Amino acid sequence: MNNVETKVFRPNEVKAAAKLIQDGQLVAFPTETVYGLGADATNPTAVKNVYLAKGRPSDNPLIVHVADVKTVEKYAQPLDERTKKLIQKFWPGPLTIILPLKEHAFDPVVTGGLKTAAFRMPAKEATLNLITESGVPLVGPSANTSGKPSPTTAQHVQHDLNGKIAGILDAGQTDFGVESTVLDLSVAEPVILRPGAISKDQIESVIGPIMNNHHHVSAEETPKAPGMKYKHYAPSAQVVIVDDASEFEEAINWAKAQKIDFGVMASDVVLNQLKNVPEQAKFSLGEEVKTASHNLFDGLRHFDLQSDVKLILVQGFNKTGIGVAYMNRLEKSAGQTHFHQIKE
Ligand code: TXA
Ligand code: MG
């Protein structure tokens, strides 16, 4: 697996990338959320290599990416009305749906042995073309080393997986920056297993009230979405959340007193007010929660490349709309550490 040449493909070179997929190789692909690590979902050896390349625990199942609804119908039980409505409204787009499968639909390596699978149709033309050209659905976990922030550029993928995968389809930066919403539709009462780019309100506007279940699961529990129990999105430095913009001054004084190098990730308004922080220690999250979601993983990776930075202070946002997904990823990367809890 190591030391293969990782070729970079442009969107007009999809045919060559699809050839690698058909040969059972791994090719990372862009989506509107984050980059995924693609392999033929019908080839168990290729799928096993996805787990190996990422260092991902094998009980954490993968999302199956499709370019048409026909492919979902091939593997899943007949679609019910709410599923059809959601597909109609949000696909292609950042909503992943868990559906009950037909017998022997996929090898257990794809589903983690579950009788369900996660399906998603990504909204990136190059990737839809890649799936269609390959002629098979593609598994696609985020294309990062397991535990690290998800990749939002081809360069992030290269950093983690260069020499371990056959190719990367490069279509520039992703749009949302946080992963898709994972919605379990295999049960009578639909439930959000992972908050994401599509909000609870958006889903409820189509199928009525649904539940939330994205609490932080301990390692001993058996969670519904197995991915929830693992440490995630974590750079080597300790991440500390600063929930209130007015706390930043105090948080920076506290960080300085620790006598360690630190970085600050905040909106432009907040950064401009921080006169006593050197420019190279600042990373802009842009104007508001939407841009912050777009920039979060990039910022964590930016400071992760600077080994002397031991602490990163990151601005919190309200948990509404995409803010729910932003805070979910940020809290995981911080191991729940909020500044107001640790200051004496
Ligand atoms: O935006 C995204 O969803 C990206 C892009 C590349 O499509 N993909 C992504 O995949 O985030 P991954 O593997 O990092 O996250 C998939 C999540 C995991 O938390 C996994 O446990 C859950 O979906 N999952 C997959 N299949 C499942 C199933 N059958 N039942 C419950 N949870 C499932
Ligand atoms: Mg992931």
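Please read all numbers here as calculations on a predicted model, not as lab measurements.

Cut-off values and rules
Sequence order sets the numbering: in each chain, residues are counted from 1 along the sequence as written. A letter from A marks each chain and a number from 1 marks each ligand, given out in the order of writing. Two thresholds apply to this predicted model, a pLDDT of at least 70 for residue-level local features and 80 or more for giving and counting side-chain atom pairs, whereas whole-chain, interface and lining totals are computed over all residues. Side-chain metrics rest on all non-hydrogen atoms present in the structure, leaving aside hydrogens and water. Definition of nearness: a residue and a molecule or strand are near each other if at least one heavy atom of the residue lies within 4 Å of the molecule or strand. What qualifies as a polar contact is a pair of N or O atoms within 3.5 Å, subject to a donor-acceptor requirement within protein and to the restriction that residues adjacent in sequence count only when both atoms come from side chains. Each accessible area is a Shrake-Rupley estimate made with a 1.4 Å probe; only the visible protein chains count as cover when residues are assessed. Aromatic pairing here means that ring centres of Phe, Tyr or Trp (its six-membered ring) are within 6.5 Å. Orientation follows from the plane angle: under 30 degrees is stacked, over 60 is edge-to-face, and everything else is tilted. Strands here are runs of E lasting at least two residues and helices are runs of H or I lasting at least four, both read from the DSSP assignment and numbered beginning at the N terminus. Classification of residues uses two cut-offs on accessible area relative to the type maximum, computed with a 1.4 Å probe and protein chains only: under 20% is buried, over 50% is exposed, and between them is partly exposed. We call two strands paired when DSSP finds no fewer than two bridges between them. A fitted line through C-alpha atoms serves as each axis, taken over the contacting stretch for helices, and the angle formed by two N-to-C directions is quoted from 0 to 180°. To sort the angles, those under 35 degrees are grouped as roughly parallel, those over 145 as roughly antiparallel, those from 65 to 115 as roughly perpendicular, and the leftovers as oblique. Note: crossing handedness is left-handed where the near helix turns anticlockwise from the far helix by less than a right angle, and right-handed where it turns clockwise. In this analysis, two residues are considered to be in contact whenever any of their non-hydrogen atoms come within 4.5 Å of each other. Gly is placed with the polar residues, together with every amino acid not listed as nonpolar (Ala, Val, Leu, Ile, Met, Phe, Trp, Tyr, Cys and Pro) or charged (Asp, Glu, Lys and Arg). We count a salt bridge whenever a side-chain nitrogen from Lys or Arg sits within 4 Å of a carboxyl oxygen from Asp or Glu.

Colleague: Mind laying out the site of ligand 1, listing which residues take part and the relevant values?
Modeller: Contacts to ligand 1 come from 27 residues, most closely from Thr33, Asn60, His65, Arg120 and Ser180. Interatomic distance of 2.7 Å between a side-chain N/O atom of histidine 65 and an oxygen atom of ligand 1. A distance of 2.5 Å is found between an oxygen atom of ligand 1 and a side-chain nitrogen or oxygen belonging to serine 180. In isolation ligand 1 exposes 690 Å². Once the protein is present, 96% of that is buried.

Colleague: I'd like to hear about the packing of aromatic side chains, residue by residue, with values.
Modeller: Using the criterion set out here, one finds 6 aromatic pairs in the structure. Geometrically, the ring pair formed by tyrosine 75 and phenylalanine 106 is stacked, given 4.4 Å between the ring centres and 20° between the ring planes. With a gap of 31 residues between them, tyrosine 75 in helix H3 (residues 69-75) and phenylalanine 106 in the loop between strand S5 (95-100) and helix H5 (108-111) connect regions that are remote in the sequence. Residue tyrosine 75 shares its accessibility class with phenylalanine 106, and that shared class is buried. Relative to phenylalanine 297, the ring of tyrosine 233 has its centre 5.1 Å away and its plane inclined at 10°; by these criteria the two rings are stacked. Of the two residues, tyrosine 233 is situated in the loop between strand S11 (211-212) and strand S12 (238-242) and phenylalanine 297 in helix H11 (residues 289-304); the sequence distance between them amounts to 64 residues. Judged on exposure class, the residue tyrosine 233 and its partner phenylalanine 297 are both buried. Among the aromatic residues, those joined into a cluster by ring pairs are Tyr75, Phe106 and Phe119.

Colleague: Break down the pairing of strand S6 (residues 116-120) for me, citing the residues and quoting the values.
Modeller: Regular strands place side chains that alternate from one sheet face to the opposite one. For S6, the tally of buried residues reaches 5 of 5 residues, placing the bulk of the element in the interior. Along S6, one buried face is formed by Thr116, Ala118 and Arg120 and the opposite face, lined by Ala117 and Phe119, is buried too. As defined by bridge partners, strand S4 (residues 63-65) adjoins S6 across 3 bridges and the pair is classed as parallel. In the strand pairing of S6, histidine 65 is matched with arginine 120.

Colleague: Tell me about the packing of helix H4 (residues 81-90) against helix H8 (residues 200-207), and name the residues and values.
Modeller: Put simply, H4 and H8 touch, their axes get as near as 9 Å, and they point 125° apart. Relative to H8, the element H4 is oriented oblique. Between H4 and H8 lies a crossing of right-handed hand. In contact with Arg82, Lys85, Leu86, Lys89 and Phe90 of H4, H8 contributes Gln202, Ile203, Val206 and Ile207. The residue makeup of the contact of H4 with H8, split by class, is 5 nonpolar, 1 polar and 3 charged.

Colleague: Give me the pattern of salt bridges: which residues, what numbers.
Modeller: Tallied over the entire structure, the rule returns 14 salt bridges. In this structure, aspartate 170 and arginine 10 form a salt bridge, with 3.4 Å as the shortest nitrogen-oxygen distance. Separated by 160 residues along the polypeptide, aspartate 170 in the loop between strand S8 (167-169) and strand S9 (181-184) and arginine 10 in the loop between strand S1 (7-9) and helix H1 (14-22) bring together distant segments of the chain. Owing to a relative accessible area of 12%, aspartate 170 belongs among the buried residues under this scheme.

Colleague: Just give me the short version of the side chain of serine 267, but keep the residues and values in it.
Modeller: Looking at the element boundaries, serine 267 is found in the loop between strand S13 (261-266) and helix H10 (268-273). Looking at serine 267, the relative accessible area reads 4%, which means it is buried. Contacts of serine 267, omitting those with residues within four sequence positions, involve Leu285, Gly286, Glu287 and Gln315.

Colleague: Account for the pairing of S9, naming residues and giving values.
Modeller: Because side chains alternate across S9, one face comprises the buried residues Thr181 and Leu183, and the other comprises Val182 and Asp184, equally buried. Of the pairings in the sheet, the one linking S5 to S9 comprises 4 bridges and is parallel in character. Residue pairing for S9: isoleucine 98 is matched across the bridge by aspartate 184. Two elements, S9 and strand S10 (residues 191-194), share 3 bridges in a ladder whose sense is antiparallel. Residue valine 182 lies in a different strand from S10, and its bridge partner there is arginine 194. Between S9 and the antiparallel strand that follows it, S10, lie 6 residues.

Colleague: Would you mind going over the sheet that holds S12 in detail, with residue names and values included?
Modeller: Read from one edge of the open sheet, 4 strands run S12-S15-S13-S14, paired in parallel fashion. In this open sheet, the two strands that pair with only one neighbour each are S12 and strand S14 (282-284). Each neighbouring strand pair of the sheet contributes to a mean axis angle of 20°, computed without reference to strand direction. Strand direction decides the pairing type here: S12 and strand S15 (residues 309-315), joined by 5 bridges, are parallel. If you follow valine 240 over to S15, its bridge partner there is leucine 313. Its contacts with the sheet place helix H9 (residues 248-257) against S12, S13 and S15, and it is angled at close to 175° to S15. Along the sheet, H11 makes contact with S12, S13, S14 and S15, crossing S14 at roughly 160°.

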